[in-house]
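Residue-level structural notes
Each chain is listed here by its residues.
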Amino acid sequence: MPQFESHFFSSLIFWEVVSFGILLFILYKYAFPGILSVLEEREKKIKDSLDQAERHRSEAESRLKDYEAKLSAAGREAEAILAAAKERAQRLLDENEQRLTADAERIKGDTTREIEQERRKALQDIRTQTTELALMVAEKVVQRSLTEADQRKFADEALEALSRSQQR
């Protein structure tokens, strides 16, 4: 093989080194800056994306804490509203019970007074009828008609006698 011959091999190595150096220089001068700038740009985009992701994560954590705080406050507020509603319901129940008890006592008192009035009225009616009956009997017995003043006098005496008999 001719490329492995010693006099041909040394010149071949020389030209390979020279062509590799030229290629390296051309790459360094024209290709590497473009590649490096693309790599640096890519690195910057990745870094910015990571920074943005970190900002979003911290913002999400902050919002989560705010949400949890609001949720906790809403829970406490709901408990307070529920406690206030229970207290109000109990107070209304107590007020209704007191009102109903007072109404019952008032009705009981009114009924007792009405019964007492009716009893007095019935007693008065009985006294009046008894007096009239006694006057009629007395008139027939005496066979004369009494004057109105005499009737009143006898009625008052009969009422007093009746009152004394009931008190005993």
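Residues numbered from 1 in each chain as written. Predicted model: local features only at pLDDT ≥ 70, side-chain atom pairs only at ≥ 80, totals over all residues. Heavy atoms only, no water.

**Notes on the overall build of the protein chain**
Filter applied, for reference: Helix and strand labels come from DSSP, where a helix needs a run of H or I of at least four residues and a strand needs a run of E of at least two; each type is numbered from the N terminus. Note on areas: Shrake-Rupley, 1.4 Å probe, and residue coverage restricted to the protein chains presented here.
Assigned secondary structure in the protein chain consists of two helices and zero strands. Accessible surface for the protein chain amounts to roughly 15100 Å². Of this, 60% is attributable to carbon and sulfur atoms.

**A few points about the packing of aromatic side chains**
As a reminder of what qualifies: Only the six-membered ring of Trp is used, alongside the rings of Phe and Tyr, when aromatic pairs are assigned; centres must lie within 6.5 Å, and planes under 30 degrees apart are stacked while those over 60 apart are edge-to-face, with the rest tilted. Only protein chains enter the accessibility calculation, which uses a 1.4 Å probe. A residue is then buried if its area is under 20% of the maximum for its type, exposed if over 50%, and partly exposed in between.
Evaluation of the coordinates by the stated rule reveals one aromatic pair. On the numbers, 5.1 Å between centres and 70° between planes, the contact of phenylalanine 14 with tryptophan 15 is edge-to-face. Tryptophan 15 sits in the exposed class, given a relative accessible area of 56%.

**Focus on the pattern of salt bridges**
Heads up, the rule is: For this document, the term salt bridge refers to a Lys or Arg side-chain nitrogen within 4 Å of an Asp or Glu carboxyl oxygen.
Inspection of the entire model under this criterion finds 10 salt bridges. Where salt bridges share partners, they join Glu54, Arg57 and Glu61 into one cluster.

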